[in-house]
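# Residue-level structure breakdown
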Amino acid sequence: MTDIRVPTLGESVTEATVGKWFKQPGDAVAVDEPLVELETDKVTLEVPAPAAGVLGEIAAKNGETVGVGAILGSIKDGAGAAVKAGTATGAPQGRPDVKQATTAPINAAEEEPAPRKPEPAKPAAPSAMPAPPSVRKLAAESGVDPASVQGSGVRGQVSKGDMMAAIERAASAPTPVSAPVQMRAPSAPDDASREERVKMTRLRQTIARRLKDAQNTAALLTTYNEVDMSAVMHMRSQYKDLFEKRHGVKLGFMSFFTRACIQALKEVPEVNAEIDGTDIVFKNYYHIGVAVGTDRGLVVPVVRDADNLSLAGIEKAISALGKKARDGQLKIEDMQGGTFTISNGGVYGSLMSMPIINAPQSGILGMHKIQERPVVVGGKIEIRPMMYLALTYDHRVVDGQGAVTFLVRVKENLEDPARIVLDL
Amino acid sequence: MAYDLIVIGTGPGGYVCAIRAAQLGLKTAVVEKSDSYGGTCLNIGCIPSKALLHASELFEEAGHSFAKMGIGVPAPTLDLKTMLQFKQDAIDGNVKGVDFLFKKNKIEGFKGAGRIAGPGKVEVKGADGKTQTLETKSIVIATGSDVARLKGITIDEKRVVSSTGALTLPEVPKHLLVIGAGVIGLELGSVWRRLGAKVTVVEFLDGVLPGMDGEVRRQAQRLFEKQGMTFKLSSKVTGVDTSGKTLKATVEPAKGEGKAETIEADVVLVSTGRVPFTDGLGLKEAGVKLDERGRVIVDHYYATNVPGIWAIGDVIAGPMLAHKAEDEGVAVAEILVGQAGHVNYDVIPAVVYTMPEIASVGKSEEELKAANVAYNTGKFPFTANGRAKANQQTDGFVKILADAKTDRVLGVHIIGSDAGNMIAEAAIAMEFGASAEDIARTCHAHPTLPEAVKEAALAVAKRAIHM
């Protein structure tokens with residue numbers, strides 16, 4: 001029998017909702033064949049079969065919440081299945097020389113019996129034993145899943161003490177797991193009949209929670225500037241066909257914006273940094289998150305080491321991530337590690353807006369609609385394609401001068417793309 | 001004939017070790033120096049004393065408790081000879097049982113004194129003086145313990161007796177003087193008190209049952225005094241004059257100066273403890289090291305300093321309890337075949353089979369205080385337990401000690417009519433690391449005495465229902 005367990009779900013993700021089971025008890029399964037869908041705050045992923053065989057009883061049904069390491073079901077090992085259910089009993093092997101003692105004559109040279117080292121509390125595999133009653137009560141009341149708690153018992157069972165410590169840890173974590181308080185005054189009966197109550201999806205609940213966390217944690221300010229996009233647009237119209245032919249991907253605006261931002265981040269490193277307790281962590285790498293709207297909500301896949309990518313490289317990366325996002329194929333790793341985010345409200349028609357920071361980053365650039373406007377150039381009125389830029393920044397780590405300088409540098413790099421080429 | 005294992009001694013440690021070894025496939029033999037298997041426990045200890053305790057308890061109930069239940073019987077008369085035969089039947093039955101188990105498990109038994117004659121060699125000297133030498137890969141010493149002697153007092157097992165003689169007194173002494181208020185002294189003292197003796201107990205320390213939880217000890221002493229036992233604490237017996245028709249014991253204060261007094265008694269029971277027994281084993285010649293108390297020194301695997309020789313039970317350190325020896329016997333057999341044999345010394349219950357019984361597992365309040373462990377206490381008296389009230393046996397209480405932070409149960413102490421059985425629940429709970437709340441949230445049948453354990457667990461959280 002091989003257990004099917006919930007795999008590691010990603011940083012700070014401790015639980016998932018069981019989605020669709022692709023196989024039913026009794027079905028034959030091949031090793032690595034996808035068995036069941038798990039939905040988390042960030043992504044949906046599939047759990048592959050750990051062994052070949054026949055799917056046994058399903059322990060976690062569609063809609064149930066499971067923690068990392070929890071048992072989803074089991075596979076009766078079939079022909080060719082290699083892995084036996086590895087239950088770490090936590091018990092040490094007997095001393096090896098004892099076996100010799102029973103097979104060799106006593107007066108064979110034998111060492112002094114070595115004192116047994118006190119066994120360190122081996123973290124045993126999550127136990128199949130039912131949780132004690134106190135733990136079950138605490139689990140139901142706190143929402144912390146005992147399956148996600150490291151049990152200190154010799155059989156791996158979670159004790160009341162373990163559970164209490166886990167609940168304390170969860171409570172002191174910045175995003176506590178608590179039931180939302182619905183405190184709306186009841187609508188007038190005439191209105192109530194015309195209301196439709198829909199539960200927020202997990203993703204939306206998470207987005208909501210993280211937005212509030214960002215607002216409640218960082219000192220958020222937004223500074224604005226505007227950029228004349230004519231140089232970039234000219235470059236685009238001149239080379240877009242050749243670019244697409246050569247690189248197989250369209251030349252969009254995002255690559256320019258990404259490179260422009262990187263230039264500015266290098267000059268104002270606080271915007272690329274992160275606060276950790278009383279430290280500021282400056283990052284010497286540039287993983288730029290690109291916000292993508294999907295029908296399930298906003299996700300922000302990350303283009304890693306964007307400073308090492310050419311414009312084509314950035315366009316390719318963004319294109320691939322965008323497709324994954326729309327197909328619901330984004331993995332946890334695709335969205336982790338970002339240092340700065342670019343959000344484009346302009347695609348929906350926004351002229352000017354205040355983006356919210358993607359915590360725990362310290363800055364986010366908002367792009368908007370390009371609109372032709374009369375502006376003054378060299379004393380004369382000209383029609384130029386203008387875009388308002390917004391930088392929302394965490395004032396705890398970025399000061400006003402830095403924020404304004406950042407935005408000015410982005411503007412300069414976009415209005416004169418030669419600066420990107422010349423690394424200015 | 002070469003064996004895989006020879007166990008010297010067939011008390012609970014030895015015979016259990018042999019059976020486990022046989023189950024694991026080892027070719028096993030045992031050596032027993034007395035006529036019957038079973039060691040001290042079966043022959044002159046646990047079993048006979050329990051039989052007498054049971055019989056004498058019923059004798060007392062018949063004489064004192066039947067009337068108020070509406071059972072009219074004349075005052076019971078004691079036929080001591082028959083009661084002693086009842087006890088002997090218990091011994092015989094148990095010994096035969098061990099016999100049967102040896103045969104079932106194909107364990108060969110050799111009657112005679114065993115001596116380690118060399119590496120892998122055990123010499124057995126029969127009653128007829130003939131010797132034979134057995135060859136084996138491993139030897140387990142399970143020779144147990146013997147009565148501790150007191151300076152200045154000679155035990156003749158007739159009037160000055162150890163527990164052995166106290167189990168076969170031909171008549172009920174008028175006055176029994178017990179030296180040592182430990183488990184054995186109180187149990188055997190209770191037997192003869194119920195059968196009509198006046199019992200005085202002299203104890204060196206300032207309380208009965210040294211080592212047990214202080215509150216339990218004080219309650220126990222009160223209850224036994226109510227039953228008619230007299231205690232002389234902080235006193236020692238320095239000599240017993242056996243010249244006259246009655247014995248004259250000289251009793252002095254345990255410490256410091258003070259007047260000596262003489263106590264007259266018909267029988268003196270010396271029950272001041274037991275010492276490891278290794279006579280005639282040839283340990284010195286074999287090079288097996290003993291500690292300053294004469295116990296065989298072993299490591300965590302029960303191995304002595306000599307490869308191939310192991311030791312368990314009363315002959316090594318640790319509580320001198322039959323079940324401790326049994327668990328060690330199992331552990332060493334498993335270790336011999338390469339398994340991870342193990343004994344959890346934190347969860348070994350201790351029981352005193354007086355009435356009320358006293359039982360405990362885990363730490364006492366004194367031990368927790370000495371170790372600076374913060375704990376909560378939950379106590380529940382049997383006067384508040386429905387079943388105890390129905391049976392009108394309401395002496396005693398259950399006390400649970402739990403870690404102040406994690407609520408994990410650290411010790412359970414029970415004084416009450418069924419304490420010895422009730423402690424098993426506590427041992428299981430503690431073995432699984434239960435919290436007091438876990439015990440409180442486990443359904444206990446009503447009306448039973450173990451409900452008092454549940455209520456004591458609730459009392460830890462200050463929310464007992466029935467109090």
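Residues numbered from 1 in each chain as written. Chains lettered and ligands numbered in written order. Predicted model: local features only at pLDDT ≥ 70, side-chain atom pairs only at ≥ 80, totals over all residues. Heavy atoms only, no water.

### What to know about the sheet that holds strand β18 (residues 350–352) of chain B
All names here are of chain B. What counts is decided by this rule: Strands were regarded as paired on the criterion that DSSP finds at least two bridges between them. Numbering of helices and strands runs from the N terminus, with a helix taken as a DSSP run of H or I at least four residues long and a strand as a DSSP run of E at least two residues long. Lines fitted to the C-alpha atoms define the axes, with helices restricted to the stretch that makes contact. Angles between their N-to-C directions range from 0 to 180 degrees. Pairs of residues are marked as contacts when any of their non-hydrogen atoms sit within 4.5 Å.
Across the sheet, which stays open at both edges, the 5 strands sit in the order β18-β19-β22-β21-β20 with antiparallel pairing between neighbours. Unpaired on one side and paired on the other, β18 and β20 (375–381) mark the two borders of the sheet. Each neighbouring strand pair of the sheet contributes to a mean axis angle of 10°, computed without reference to strand direction. Packing of helix α7 (residues 214–226) onto the sheet brings it into contact with β19 (357–362), β20, β21 (397–403) and β22 (409–416), and relative to β22 it is tilted by some 5°.

### Quick word on the sheet that holds strand β9 (residues 175–179) of chain B
All names here are of chain B. A sheet is described by the order of its strands in space; here 5 strands give the open sequence β8-β15-β9-β10-β11, paired in parallel fashion. Every other strand in the sheet has two partners, leaving β8 (160–161) and β11 (230–232) as the edge strands with one partner each. Here strand β10 (residues 198–202) pairs with β11 via 3 bridges, running parallel. Counterpart to V201 in the pairing with β11 is F231. Lying on the sheet, helix α6 (residues 183–194) is in contact with β9, β10, β11 and β15 (267–270); it crosses β9 at an angle near 175°.

### Comments concerning unusual backbone geometry
Peptide bonds are mostly trans, and most non-glycine residues show a negative phi. Just so we agree on the cut-off: Note on classification: 1.4 Å probe, protein chains only; a residue is buried when its accessible area is under 20% of the maximum for its type, exposed when over 50%, partly exposed between these limits.
The omega torsion across A359 of chain A and P360 of chain A is 5°, close enough to zero to call that bond cis. The topology assignment puts P360 of chain A in the loop between β16 (340–344) and β17 (363–367). P356 of chain B follows M355 of chain B through a cis peptide bond whose omega is 5°. As for its position among the elements, P356 of chain B is in the loop between β18 and β19. Located in the positive-phi region is D305 of chain A, a residue other than glycine, with phi close to 45°. As for its position among the elements, D305 of chain A is in the loop between β15 (302–303) and α8 (311–326). By relative accessible area, D305 of chain A is classed as partly exposed at 33%.

### Re the pairing of strand β4 (residues 34–39) of chain A
Residues and elements named next belong to chain A. With 3 bridges joining them, strand β2 (residues 15–21) and β4 adopt antiparallel strand pairing. Pairing of T17 across the sheet is with E39, part of β4. Taken together, the 5 bridges between β4 and strand β5 (residues 44–48) define a ladder with antiparallel strand orientation. Within β5, the position partnered with P34 by the bridge is P48.

### Structural notes on the pattern of salt bridges
Where side chains of opposite charge bring their charged atoms close, a pairing between them can arise. All names here are of chain A. To keep it simple, the criterion reads: Throughout this description, the term salt bridge denotes a Lys or Arg side-chain nitrogen within 4 Å of a carboxyl oxygen of Asp or Glu.
With the rule as written, the count across this model stands at 36 salt bridges over all chains. Between D334 and K324 there is a salt bridge, with its nearest N and O atoms 3.0 Å apart. Here D334, found in the loop between α8 and β16, pairs with K324, found in helix α8; they are 10 residues apart in sequence, far enough to count as distant. Under the relative-accessibility criterion, D334 is labelled buried at 15%. Here K324 falls in the partly exposed class, since its relative accessible area comes to 29%.

### Here's the deal with the packing of helix α1 (residues 12–23) of chain B against helix α4 (residues 80–104) of chain B
Residue and element names in this part refer to chain B. Put simply, the test is: Orientation labels follow simple angle bins: below 35 degrees gives roughly parallel, above 145 gives roughly antiparallel, 65 to 115 gives roughly perpendicular, and whatever is left gives oblique. Handedness of a helix crossing follows the sense of rotation of the near helix relative to the far helix, less than a right angle counterclockwise being left-handed and clockwise being right-handed. Three classes are used, and their members are as follows: Ala, Val, Leu, Ile, Met, Phe, Trp, Tyr, Cys and Pro are nonpolar, Asp, Glu, Lys and Arg are charged, and the others, Gly among them, are polar.
It is the contact of α1 with α4, at a shortest axis distance of 10 Å, that shows an interaxial angle of 25°. When the axes of α1 and α4 are compared, the pair comes out roughly parallel. As α1 runs across α4, the sense of the crossing is left-handed. Here Y15, A18 and I19 of α1 come into contact with α4, specifically with V98, L101 and F102. Residue composition of the contact of α1 with α4, grouped by class: 6 nonpolar, no polar and no charged.

### So, the packing of aromatic side chains
Any aromatic ring pair is given by two values, namely how distant the centres are and how the planes are angled relative to each other. Let me state the cut-off plainly: Classification of ring pairs uses Phe, Tyr and Trp, with its six-membered ring standing for Trp, and accepts pairs whose centres are within 6.5 Å; under 30 degrees between planes counts as stacked, over 60 as edge-to-face, and the remaining range as tilted.
Within this structure, the stated rule accounts for 3 aromatic pairs over all chains. Their ring planes at 50° and their centres at 5.3 Å tell us that F340 of chain A and F406 of chain A sit as a pair that is tilted. One end of the pair, F340 of chain A, is in strand β16; the other, F406 of chain A, is in helix α9 (residues 400–415), and 66 residues separate them in sequence. Each member of the pair F340 of chain A and F406 of chain A is classed as buried. For the pair Y3 of chain B and F110 of chain B, a centre-to-centre distance of 6.2 Å together with 80° between the ring planes defines the contact as edge-to-face. Residue Y3 of chain B is found in strand β1 (residues 2–8), and its partner F110 of chain B is found in strand β3 (residues 108–111); the two are separated by 107 residues along the sequence. Residue classification places Y3 of chain B among the buried residues on the basis of a relative accessible area of 3%.

### Structural notes on the environment of G67 of chain A
Residue and element names in this part refer to chain A. Within the secondary structure, G67 is located in strand β7 (residues 65–67). The exposure class of G67 is buried, given its relative accessible area of 0%. Among residues more than four places away in sequence, those in contact with G67 are V6, T14, E15 and D145.

### Topic: helix α5 (residues 202–217) of chain A
The line we're drawing: In this analysis, the expected span of each helix is defined as 1.5 Å times one less than the number of residues it contains.
If you check α5 of chain A, its first and last C-alpha atoms are 22 Å apart, about what 16 residues at 1.5 Å a residue would give, namely 22 Å. Summarising the contacts, the buried residues of α5 of chain A are in contact with β9 (220–228) and β14 (297–299) of chain A.

### Focus on a nonpolar patch on the surface
Cut-off, in case you're wondering: Exposure above 30% relative accessible area and the absence of a salt bridge qualify a residue for a patch, where like charges join within 9 Å and nonpolar side chains (Val, Leu, Ile, Met, Phe, Trp, Tyr) within 5 Å. The Shrake-Rupley method, run with a 1.4 Å probe, gives the accessible areas here. Residue values count only the displayed protein chains as cover.
Among the surface-exposed residues, Y224, L351, M352 and M354 of chain A lie close enough to one another that they form a single nonpolar patch of about 400 Å² accessible area. One can find M352 of chain A in the loop between β16 and β17.

### Here we look at the pairing of β9 of chain B
Regular strands show a simple pattern: their side chains alternate between the two faces of the sheet. Residues and elements named next belong to chain B. What counts is decided by this rule: When the strands point away from the viewer, a crossover counts as right-handed if the path from the first strand over the helix to the second runs clockwise.
Counting buried positions along β9 yields 5 of 5 residues, so the element is predominantly enclosed. Here β9 shows two buried faces, one formed by H175, L177 and I179 and the other by L176 and V178. Bridge count for β9 against β10 is 5 bridges, and the pairing is parallel. Within β10, the residue paired with H175 across the bridge is K198. Between the parallel pair β9 and β10, the chain is carried across by α6, and the sense of this crossover is right-handed. The sheet contact formed by β9 and β15 spans 4 bridges and is parallel. Paired with V178 across the bridge in β15 is L269.

### Examining the side chain of T354 of chain B
Residues and elements named next belong to chain B. Stated precisely, the cut-off is as follows: Counted as a polar contact is a pair of N or O atoms within 3.5 Å, where, for protein atoms, one must be capable of donating a hydrogen and the other of accepting one, and residues adjacent in sequence contribute only when both atoms are in side chains.
Mapped onto the secondary structure, T354 falls in the loop between β18 and β19. At 2.8 Å, the side chain of T354 forms a polar contact with the backbone oxygen of P356. Leaving out residues up to four positions away in the same chain, T354 has contacts with L186, E187, S190, R194 and F224.

### A word on helix α7 (residues 254–267) of chain A
Residues and elements named next belong to chain A. End to end, α7 covers 20 Å across 14 residues, agreeing with the expected 20 Å (1.5 Å per residue, within 8%). When you tally the buried positions in α7, you get 12 out of 14 residues, the bulk of the element. Along α7, the residues that are buried comprise M254, S255, F256, F257, T258, R259, A260, C261, I262, Q263, A264 and L265.

### A few points about the side chain of N385 of chain B
Residues and elements named next belong to chain B. Topologically, N385 is positioned in the loop between β20 and α11 (386–391). Of the residues examined, N385 reaches a relative accessible area of 3% and is grouped as buried. Polar side-chain contacts of N385 include one of 3.1 Å to the backbone nitrogen of R387. With residues near it in sequence (within four places) discarded, N385 still touches F380, T448, L449, E451 and A452.

### Brief notes about the confidence of the model for chain A
All names here are of chain A. For the record, the criterion: A residue's pLDDT is the confidence the predictor assigns to it, expressed on a 0 to 100 scale.
Summarising the model, chain A shows a mean pLDDT of 81, and 83% of its residues fall at 70 or more. Of all helices and strands in chain A, the one with the weakest mean pLDDT is helix α1 (residues 96–103) (37), whereas strand β19 (residues 380–394) scores best (96). Every residue in residues 79–124 is under pLDDT 50, and counting partners more than four places away or in other chains gives 58 contacts.

### Some remarks on the packing of helix α3 (residues 46–64) of chain B against α6 of chain B
Residues and elements named next belong to chain B. Contact pair α3 / α6: the axes reach a minimum separation of 9 Å and the direction vectors enclose 35°. Here the hand of the crossing between α3 and α6 comes out left-handed. Seen from α3, the contacting residues are S49, K50, L52, L53, S56, E57, F59 and E60; seen from α6, they are E187, L188, S190, V191, R193 and R194. Grouping the constituent residues of the contact of α3 with α6 by class yields 5 nonpolar, 3 polar and 6 charged.

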